[in-house]
Amino acid sequence: GQNIDQPTEMTATEGAIVQINCTYQTSGFNGLFWYQQHAGEAPTFLSYNVLDGLEEKGRFSSFLSRSKGYSYLLLKELQMKDSASYLCAVMNDYKLSFGAGTTVTVRA
Amino acid sequence: DTGVSQNPRHKITKRGQNVTFRCDPISEHNRLYWYRQTLGQGPEFLTYFQNEAQLEKSRLLSDRFSAERPKGSFSTLEIQRTEQGDSAMYLCASSLADRVGEQYFGPGTRLTVT
């Protein structure tokens, strides 16, 4: 089975940095993916990690430690438009299992 | 617009009725996925196709649910004898076969069963 945990909510100030943690216990692993979902909209792909380490993509970075079953998404220089739900997803048998998502609220 | 499209966007139906949703994926994507999402949860995998072949169906999916992708392009998801518990957002996504984690989602069909 799949068990993917991430915090329910986080609040941060515009211009700040926020780190969203994700821990997982899955029967198989082919990669860890992060998606962003604005309220009422479809998820959009942000980043992925297959190997351990940090992947940087503009203001967003994602880290993976396979031995610890742990990933984080780092959002830098927060903007109001970053207020959204961030979904951690594990790929296993070439399909995605999603966590419940972390709602990030950016305050002015 | 060359993204994933879904129709209808909203569907209200009475318990016991059948409903059918349509998904048109990105044209060059050979994989197509169906998910269900309820409030406060992430998308839950239902089934997926590679071209016209349905390769996997979630064990959570009851026999009332059926999906097709007859020509390897658009797909339909049918729910027979709807129940109130079927009320959810039904999301379709597509991807290339060698980039299955990078999925492109459609806007979803919101189903309300009264």
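Provided above is the structure to which this section pertains.
So, here's what we can say about the structure. Please read all numbers here as calculations on a predicted model, not as lab measurements. (Residues numbered from 1 in each chain as written. Chains lettered and ligands numbered in written order. Predicted model: local features only at pLDDT ≥ 70, side-chain atom pairs only at ≥ 80, totals over all residues. Heavy atoms only, no water.)

**A short note on the overall build of chain B**
Okay, step 1: For chain B, the helix and strand inventory stands at 0 helices and 11 strands.
Okay, step 2: Tracing chain B from N to C terminus, the helices and strands come up as β-β-β-β-β-β-β-β-β-β-β.
Okay, step 3: Radius of gyration (C-alpha) of chain B: 13 Å, near the 13 Å computed for a compact globule of 114 residues.
Okay, step 4: Judged by the C-alpha coordinates and their principal axes, chain B covers about 40 × 25 × 25 Å.
Okay, step 5: In chain B, buried positions account for 46% of the 114 residues.
Okay, step 6: Only carbon and sulfur atoms are counted for the fraction: they give 44% of the accessible area of chain B, which is about 5,900 Å².
Okay, step 7: If the 15 positive side-chain charges of chain B are averaged to one point and the 13 negative ones to another, these points end up 7 Å apart. (Helix = DSSP H or I, 4+ residues; strand = E, 2+ residues; numbered from the N terminus. Rg over C-alpha atoms; globule rule 2.2 N^0.38 Å. Buried < 20%, exposed > 50% of the residue type's maximum accessible area, 1.4 Å probe, protein only. Areas by Shrake-Rupley, 256 points an atom, 1.4 Å probe, with all protein chains shown as cover. Lys, Arg positive; Asp, Glu negative; His and termini not counted. Charge placed at Lys NZ, Arg CZ, Asp CG, Glu CD.)

**Some words on the interface of chain B and chain A**
How big an interface is tends to be stated in terms of accessible area lost as the parts join.
Okay, step 1: Facing the 17 residues of chain B at the interface are 14 residues of chain A.
Okay, step 2: When chain B packs against chain A, the two sides together hide about 1,400 Å² of surface, and 60% of this comes from carbon and sulfur.
Okay, step 3: A per-residue breakdown of the area chain B buries against chain A is headed by Pro-43, Gly-101 and Phe-105 of chain B, which together make up 30% of the total.
Okay, step 4: The tally of links between chain B and chain A comes to 1 salt bridge.
Okay, step 5: A per-element tally of the side of chain B that touches chain A places strand E4 (residues 31–37) of chain B first, with 3 residues. (Contact = heavy atoms within 4.5 Å. Buried area = accessible area lost by both parts, 1.4 Å probe. Salt bridge = Lys/Arg side-chain N within 4 Å of Asp/Glu carboxyl O.)

**Some points on the side chain of Ser-61 of chain A**
Okay, step 1: Tracing the backbone through its elements, the reader meets Ser-61 of chain A in strand E7 (residues 60–65).
Okay, step 2: With near-sequence residues (within four places) excluded, Ser-61 of chain A lies in contact with Leu-54, Glu-55, Glu-56, Tyr-72, Leu-73, Leu-74 and Lys-76 of chain A.

**Details of the state of the cysteines**
Simply put, disulfide is the name for a covalent bond between the sulfur atoms of two cysteines.
Okay, step 1: The final tally for this structure, using the stated rule, is 2 disulfides over all chains.
Okay, step 2: Here Cys-22 of chain A connects covalently by a disulfide to Cys-88 of chain A, the sulfurs 2.0 Å from one another. Disulfide Cys-22 of chain A to Cys-88 of chain A: torsion about the S-S bond roughly -70 degrees, handedness left-handed. With Cys-22 of chain A in strand E3 (residues 18–26) and Cys-88 of chain A in strand E9 (residues 84–92), this pair connects stretches of sequence that are 66 residues apart.
Okay, step 3: Residue pairing for Cys-23 of chain B: its cysteine sulfur links by disulfide to Cys-92 of chain B, the two sulfurs lying 1.8 Å apart. Residues Cys-23 of chain B and Cys-92 of chain B are joined through a disulfide that is left-handed, its torsion about the S-S bond being -65 degrees. Taken together, the positions of Cys-23 of chain B in strand E3 (residues 19–24) and Cys-92 of chain B in strand E9 (residues 88–95) put the pair 69 residues apart, joining distant regions of the chain. A single burial state applies to Cys-23 of chain B and to Cys-92 of chain B, both of which are buried. (Disulfide = S-S within 2.5 Å.)

**What to know about the nonpolar core**
Okay, step 1: Judged by nonpolar contacts, the single largest core of 20 residues is most densely connected at Ile-20, Leu-32, Trp-34, Leu-73, Leu-75 and Tyr-86 of chain A.
Okay, step 2: When sequence neighbours within four positions are dropped, the list of residues in contact with Tyr-86 of chain A reads Gln-6, Ile-20, Trp-34, Tyr-35, Gln-36, Leu-46, Phe-60, Leu-73, Leu-75, Gly-101, Thr-102 and Val-104 of chain A. (Core = buried A, V, L, I, M, F, W, Y, C linked by side-chain atoms within 4.5 Å.)

**With respect to the environment of Phe-49 of chain B**
Residues and elements named next belong to chain B.
Okay, step 1: Take Phe-49: it is sitting in strand E5 (residues 44–50).
Okay, step 2: The sequence separation of Phe-49 and Arg-69 amounts to 20 residues, and the corresponding C-alpha distance is 7.3 Å.
Okay, step 3: Residue contacts for Phe-49: discarding those within four places in its chain leaves Asn-30, Arg-31, Leu-32, Trp-34, Gln-54, Leu-55, Ala-67, Glu-68, Arg-69 and Ser-75.

**Re the pairing of strand E11 (residues 109–113) of chain B**
Residue and element names in this part refer to chain B.
Okay, step 1: Residues Thr-109, Leu-111 and Val-113 point to one face of E11 and are all buried, whereas Arg-110 and Thr-112, pointing to the other face, are not buried.
Okay, step 2: Sheet topology note: the strand E2 (residues 10–13)/E11 ladder contains 4 bridges and is parallel. What sits directly across from Lys-11, in E11, is Leu-111. (Pairing = 2+ DSSP bridges.)

**Structural notes on the packing of aromatic side chains**
Okay, step 1: Using the criterion set out here, one finds 19 aromatic pairs over all chains in the structure.
Okay, step 2: A centroid spacing of 5.7 Å and a plane angle of 80 degrees characterise the contact between Phe-98 of chain A and Tyr-35 of chain B, whose relative ring orientation is edge-to-face. Note that Phe-98 of chain A is positioned in strand E10 (residues 95–98) and Tyr-35 of chain B in strand E4, a pairing that runs across two chains.
Okay, step 3: Aromatic rings pair up to connect Phe-33, Tyr-35, Phe-45, Tyr-48 and Phe-98 of chain A together with Tyr-33, Tyr-35, Phe-45, Tyr-48 and Phe-105 of chain B into one cluster.
Okay, step 4: Here the guanidinium or amino end of Lys-95 of chain A rests over the ring plane of Phe-45 of chain B, the centre of that ring lying 5.5 Å away. (Phe/Tyr/Trp six-rings, centres within 6.5 Å; stacked < 30°, edge-to-face > 60°. Lys NZ or Arg CZ within 6 Å of the ring centre and 35° of its normal.)

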